[in-house]
Amino acid sequence: MPSLFTLTSPGLRAAPRWGSRTSMTMMQAPGAHTASDLAVATFGMGCFWAPQAAFLELDGVRSSTAGYASAINQSLPVGRPSYLSICRGDGRTEAVRVEYDPSVIDYATLLCKFWQEHDAAVVVPGKEDQYRSVIWTHDDEQHKIAERTVAEAARQYASTGRGAPATVVVRMGGDAPNRDFSPAETYHQNFWAKTRVKFAGIALVQLLLLLGTQDAVAVPWLVGAAAIAQQAILFWWFVESAELVLSAARGVFARD
C-alpha cells in the first residue's frame, strides 16, 4: 500500500499517511475482548510469517499468532488443519490473530498495518485460498470500519493505476464455525525471529570452531562449546520439524 494512502472514510479520523507511526490516530473500536480485557483482530495477508512479525512491532500489540481460518469456504475437511492441508488446497487461508490493548492502540491502526504490509491486488494462481487477502471481524464495529477501509483502498488503488484489492471482509465464527481460527504449528510461530537466532547461533558455532582450532592458541573448551551449541540448534530444528510432520500426518489420517 502506497505511503500516501489516507484514511478519509466517514467515521475515521484523517491521518496524513498510512505509513507514519505518528499519523495513526486513536479511535476506540471495541474488539472481541478476552478475559484480560484485550481485543482480538484477525487478518489474512498472504504468507503469515512476515505479517506476524510486523504486527508485533506495534505498541499495544500483546501477541501475534500465525494460524489458519476460512474466508469463504464452509465445506471444509474434517479435523485440525495443518500446513500440508493448507498447501494442498483444503480451502483455508493463512491468517494472523492479533491480541491488542485497545487503550493503547486502536483497530484502525491495525488496519493501517494490514494495508501497508501486503499488496491486496495480488492473487496467486492456484493459491487463491491459501494466500487470500482477508479481514476477519469480531464484532459489528470492526466490520463497519473494515468495510470502509476496503472501499478507501479501492479508490486509492485505482488512483495509482493498480487493480482493485481482492480483500474480503467476513465475520469470524458465529454461524460459520469453519471460520474459527486454528493456531499453526510451532515451526511457523515467530518464524523470522527464530530464523535469525538460529543463523546467529550457526555463525557463533563457526567462530568458536575457528578460535578453538587455531594452532597457535588451541582452546579445547571452545571446540566443546561449539559442539554443544551446534547440537542444541540441530535439536531445536528437529523438534519443530518433527511437530510439522506429525501435524501433517494427523491431517492425512483424519481425512482418510
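Here, every reference points to the structure presented above.
All values reported here derive from a predicted model rather than from experimental measurement. Within every chain, residues take consecutive numbers counted from 1 along the sequence as written. Local features in this predicted model are restricted to residues whose pLDDT is 70 or higher, and side-chain atom pairs enter the listing and the counts only when it is 80 or higher, whereas totals over whole chains, interfaces and linings include all residues. The side-chain quantities take in all heavy atoms of the structure and omit both hydrogens and water.

What to know about the side chain of Arg132
We apply this condition: Put simply, DSSP marks the helices as runs of H or I at least four residues long and the strands as runs of E at least two long, and each gets a number from the N terminus on. Working definition: with a 1.4 Å probe on protein chains only, accessible area under 20% of the residue-type maximum means buried, over 50% means exposed, and in between means partly exposed. N or O atoms closer than or at 3.5 Å make up a polar contact, with two conditions inside protein: a donor-capable atom paired with an acceptor-capable one, and, for residues adjacent in sequence, both atoms drawn from side chains. Every residue pair with non-hydrogen atoms within 4.5 Å of one another is taken to be in contact.
Looking at the element boundaries, Arg132 is found in the loop between helix H3 (107-116) and strand S4 (133-137). The class for Arg132 is buried, based on a relative accessible area of 16%. Within the local environment of Arg132, its side chain forms a polar contact with the side chain of Asp129, the two groups lying 2.5 Å apart. With residues up to four places along the chain from it excluded, the contact list for Arg132 reads Gly44, Met45, Gly46, Ala71, Ile72, Thr93, Lys127 and Val168.

Here we look at the packing of aromatic side chains
Spelled out, the test is: Note on aromatic pairs: the rings of Phe, Tyr and Trp (six-membered ring only in Trp) are paired at centre separations within 6.5 Å, and the planes decide the class, stacked below 30 degrees, edge-to-face beyond 60, tilted for the rest.
All chains considered together, the criterion is met by five aromatic pairs. When the ring of Phe48 is compared with that of Tyr68, the centres are 5.8 Å apart and the planes differ by 45 degrees; the resulting orientation is tilted. Here Phe48 is found in the loop between strand S1 (39-45) and helix H1 (49-56), whereas its partner Tyr68 is found in strand S2 (residues 61-70), with 20 residues between them in sequence. With relative accessibility at 0%, the residue Tyr68 sits in the buried group. Taken together, Phe43, Phe55, Tyr107, Phe114 and Trp115 form an aromatic cluster joined through their ring pairs.

Quick word on a nonpolar patch on the surface
In plain terms, the rule: In this scheme, patches are assembled from residues that exceed 30% relative accessible area and form no salt bridge. Like charges are connected within 9 Å, while nonpolar side chains (Val, Leu, Ile, Met, Phe, Trp, Tyr) are connected within 5 Å. Surface exposure here means Shrake-Rupley accessible area, sampled with a 1.4 Å probe, where a residue is shielded only by the protein chains that are shown. A side-chain nitrogen of Lys or Arg and a carboxyl oxygen of Asp or Glu constitute a salt bridge if their distance falls within 4 Å.
Together, Leu204, Leu207 and Leu210 make up a nonpolar patch on the protein surface, roughly 270 Å² of accessible area in all. Mapped onto the elements of the fold, Leu207 is located in helix H5 (residues 191-212).

A closer look at the side chain of Asp139
Quick note on the threshold: By the counting scheme adopted, Arg and Lys are positive, Glu and Asp are negative, and His together with the chain ends is not counted.
Relative to the helices and strands, Asp139 resides in the loop between S4 and helix H4 (140-159). Buried within the structure, Asp139 lacks any salt-bridge partner; Arg171 is the closest side chain of opposite charge, at an N-O distance of 6.3 Å. Within the structure, the side chain of Asp139 is placed 2.7 Å from the backbone nitrogen of Gln142, a separation counted as a polar contact.

Re the sheet that holds strand S5 (residues 168-171)
Hydrogen bonds between backbone groups are what pair the strands of a sheet, and the pairing can be parallel or antiparallel. Under the convention used in this document: Strands are labelled as partners when DSSP assigns at least two bridges between them. Axes, fitted as lines to C-alpha atoms, cover a helix only where it is in contact. Angles between the N-to-C directions of the axes lie from 0 to 180 degrees.
Pairing within the open sheet is mixed, and its six strands lie in the order S5-S4-S1-S3-S2-S6. The outermost strands of the open sheet, each flanked by one partner alone, are S5 and strand S6 (182-183). Strand direction decides the pairing type here: S4 and S5, joined by four bridges, are parallel. Counterpart to Trp136 in the pairing with S5 is Val170. Relative to S2, H1 is tilted by about 155 degrees, and along the sheet it contacts S1, S2 and strand S3 (92-100).

Points about the nonpolar core
Where we set the bar: Throughout this description, the term nonpolar core refers to a set of buried Ala, Val, Leu, Ile, Met, Phe, Trp, Tyr and Cys residues connected via side-chain atoms within 4.5 Å.
Phe43, Phe55, Val98, Tyr100, Tyr107, Leu110 and Ile135 are the most contacted members of the largest nonpolar core, which has 32 residues in total. Secondary structure elements with two or more residues in this core: S1, H1, S2, S3, H3 and H4. Not counting chain neighbours up to four residues away, the residues in contact with Phe55 comprise Phe43, Met45, Val61, Ser64, Val96, Val98, Leu110, Lys113 and Phe114.

Things to note about the environment of Thr109
Looking at the secondary structure, you find Thr109 in helix H3. Taking the C-alpha atoms as reference, Thr109 lies 9.1 Å from Leu58; in sequence the two are 51 residues apart. At 2.3 Å, the side chain of Thr109 and the side chain of Asp106 are in polar contact.

A closer look at the pattern of salt bridges
All told, the structure shown has eight salt bridges when counted by the stated rule. As a salt-bridge pair, Asp90 and Arg92 come within 2.9 Å of each other at their nearest N and O atoms. Here Asp90 matches Arg92 in class, with each residue buried. Note that Glu117 and Lys113 form a salt bridge whose closest N and O atoms lie 3.4 Å from each other. Residue class for Glu117 comes out partly exposed when judged on its relative accessible area of 35%. By relative accessible area, Lys113 is classed as buried at 7%.

Let's talk about H4
The following threshold applies: In a helix, the anticipated span is given by 1.5 Å times the number of residues less one.
An ideal rise of 1.5 Å per residue puts 28 Å on 20 residues; H4 measures up with 29 Å between its terminal C-alpha atoms. Turning to H4, the residues buried within the fold contact S1, S3, H3, S4 and S5. The N-cap of H4, judged by a side-chain oxygen 3.2 Å from the amide nitrogen of Glu141 a few residues on, is Asp139. Backbone geometry just downstream of H4 places Gly161 in the positive-phi region, at approximately 75 degrees.

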